[in-house]
Structures are given as C-alpha cells and as structure tokens.
Amino acid sequence: NLPASFGWSALLWVPGMTIYGMMAGGPVMKARKEFKVDYPNLYATPGHHDKADQFNAVQRGHQNFLEMNGSIQAMALFGSLYSENAAWANCVGAVLFYIGSKLYASGYATHWNVEGGRYKSGGAIKWIGSNPC
C-alpha cells in the first residue's frame, strides 16, 4: 500500500521538477542575449567573449540543477514509499530543494568572482532539501 501522502510527494517532485527546470532556464536565456552567447554553445569561451565568466556562472547555476535533478527525484520518490512521515518529509524537502536551487543559482550568478559565491545567498538550503530522510 502506498502512503496517503505519496501523491503529494509525487506531485511536488515530478511536475514540480519540470516546472522549476523551465523557470530556472529563464536567467540563462536572458544572459545568453545579454552576453551574446549563441547556440549551440553551452558555455562562453574565455577570450572570445568579454563576459565569459559572468555568463558561465549563470549557466553553471542552472546546469548544477540539471545534473542533480534526476537522481534526487528518484531518491525522494523511492523514500516516499517507505512511510507516511517519509513522504511528508520529502514534500518539505522538495520545497527546500527548489528554494535552495534558486538561491544557489542566483548566488552563483551574482557572486561569480567570489570563492564559494554560490552559497552567499543561501544556496546550501538545497542540500538540506535533497535528503530529508
């Protein structure tokens, strides 16, 4: 039997991850236009673009989310099968992960030239949300 709250966890992690992923791509698209980084280039080449580091920092904040989302989503859904409490913990984890991912990406983009800048805006919250139980 599935825990009653499994549906909420699945709702937050499956469509939620898709929606957040689309929203998180917005700053990358804006930076692409601002820094004139054309497709198919994923990153700006230093020396070829004056603001390569700034663009690449925006891209890395988003790319980090893309690199992590599949495994975190799978672990959260699997963990939500364990019990009612685990499913609710994963619901809270999803919210923390999305908020932390946004803070991580914005910290990366605004503090691109500072060591650990991606955590300056509170990006570490995503790590709490990625493993609630």
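As the structure is a prediction and not an experimental result, all values here were calculated from the model.

### Digging into the environment of Val92
Piece 1. Following the sequence through the fold, Val92 ends up in helix H3 (residues 84-110).
Piece 2. Separated by 80 residues in the primary sequence, Val92 and Leu12 place their C-alpha atoms 9.2 Å from one another.

### Concerning the packing of aromatic side chains
Piece 1. All told, the structure shown has eight aromatic pairs when counted by the stated rule.
Piece 2. With centroids separated by 5.9 Å and ring planes inclined at 40°, the aromatic side chains of Trp13 and Phe97 adopt a geometry described as tilted. Linking Trp13 in helix H1 (residues 6-35) with Phe97 in helix H3, this pair joins segments that are 84 residues apart in sequence. With respect to class, Trp13 is no different from Phe97; both count as buried.
Piece 3. Summarising the aromatic geometry, the rings of Tyr104 and Tyr119 are spaced 5.6 Å apart at their centres and angled 75° between planes, so their arrangement reads as edge-to-face. Of this pair, Tyr104 sits in helix H3 while Tyr119 sits in the loop between H3 and helix H4 (125-129), and the two are 15 residues apart along the sequence.
Piece 4. Ring pairing ties together the aromatic residues Trp13, Tyr20, Phe65, Phe97 and Tyr98, which thus form one cluster.
Piece 5. The ring of Tyr104 has Lys126 lying over it, and the distance from NZ or CZ to the ring centre is 4.1 Å.
Piece 6. Against the face of Trp127 rests Lys126, its NZ or CZ located 5.2 Å from the ring centre.

### Description of the nonpolar core
Piece 1. Core analysis: the biggest nonpolar cluster contains 14 residues, and Trp13, Met17, Phe97 and Tyr98 have the highest contact counts within it.
Piece 2. Elements supplying a minimum of two residues to this core: H1, helix H2 (52-80) and H3.
Piece 3. Broken down by element, the residue count for this core peaks at six residues, all from H1.
Piece 4. When residues no more than four places from it in sequence are discounted, the contact partners of Phe97 are Trp13, Met17, Phe65, Met68, Ile72, Lys126, Gly129 and Ser130.

### Here's the deal with the side chain of Arg32
Piece 1. By the secondary structure assignment, Arg32 is in helix H1.
Piece 2. Put simply, Arg32 is tucked away with no salt bridge, and the nearest opposite charge, on Asp38, sits 6.8 Å away.
Piece 3. For Arg32, the side chain forms a polar contact with the main-chain oxygen of Asn41, separated by 3.0 Å.

Calculation rules
Residues numbered from 1 in each chain as written. Predicted model: local features only at pLDDT ≥ 70, side-chain atom pairs only at ≥ 80, totals over all residues. Heavy atoms only, no water. Helix = DSSP H or I, 4+ residues; strand = E, 2+ residues; numbered from the N terminus. Phe/Tyr/Trp six-rings, centres within 6.5 Å; stacked < 30°, edge-to-face > 60°. Buried < 20%, exposed > 50% of the residue type's maximum accessible area, 1.4 Å probe, protein only. Lys NZ or Arg CZ within 6 Å of the ring centre and 35° of its normal. Core = buried A, V, L, I, M, F, W, Y, C linked by side-chain atoms within 4.5 Å. Contact = heavy atoms within 4.5 Å. Lys, Arg positive; Asp, Glu negative; His and termini not counted. Salt bridge = Lys/Arg side-chain N within 4 Å of Asp/Glu carboxyl O. Polar contact = N/O pair within 3.5 Å; in protein donor to acceptor, adjacent residues only side chain to side chain.

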